[in-house]
Amino acid sequence: MPKLKHKRQECIGCCLCAETAPTYFYMDDEGLAQLHDFRQEGVFQVVEAFEMDRSELEEAVRGCPVNIISLT
């Protein structure tokens, strides 16, 4: 299973990830992206992703203007 990581404290609130992969991301009350049901690992929010969602998650990774999303 791919691991999706997001560094929320560096988010600028562009919404691209939440629009591209709403199953994984949402915009919180502060206007910043968050992962649904994440666990905290240091500075990262982390979730296990489904392989079938890889293409939309890769699009979110590529489109993030501040490069704070990774998929491994």
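Before any of the text, the structure's been laid out above.
Just so you know, these numbers come straight off a predicted model, no measurement behind them.

Student: Help me understand the side chain of H6 in this model?
Tutor: Locating H6 in the fold gives a position in strand β1 (residues 3–6). Among residues more than four places away in sequence, those in contact with H6 are C11, F25, A33, Q34, L35, V43, F44, Q45, I68 and I69.

Student: So what exactly am I meant to see when it comes to the side chain of R8 here?
Tutor: Within the fold, R8 resides in the loop between β1 and α1 (16–20). Take R8: its relative accessible area is 18%, and that puts it in the buried class. At 3.4 Å, the side chain of R8 forms a polar contact with the side chain of E30. In contact with R8, other than residues within four places in its own chain, are D28, E30, L32, A33, Q34 and Q45.

Criteria and cut-off values
Just so you know, the residues in each chain are numbered from 1, in the order the chain's sequence is written. Whole-chain, interface and lining totals are the exception, using all residues; otherwise, since this is a predicted model, local features are given only for residues with pLDDT of at least 70 and side-chain atom pairs are given and counted only at 80 or more. Hydrogens are left out, water is left out, and the side-chain values use all remaining heavy atoms of the structure. Only runs of H or I of at least four residues qualify as helices and only runs of E of at least two qualify as strands under DSSP, and these elements are numbered from the N terminus. Only heavy atoms enter the contact rule, under which two residues are in contact if any of them lie within 4.5 Å. Three exposure classes are used, based on accessible area relative to the maximum for each residue type with a 1.4 Å probe and protein chains only: buried under 20%, partly exposed in between, and exposed over 50%. Whenever a nitrogen or oxygen atom comes within 3.5 Å of another N or O atom, the pair is scored as a polar contact, on the condition that within protein one atom can donate a hydrogen and the other can accept it, and that pairs from neighbouring residues in sequence are kept only if both atoms are in side chains.

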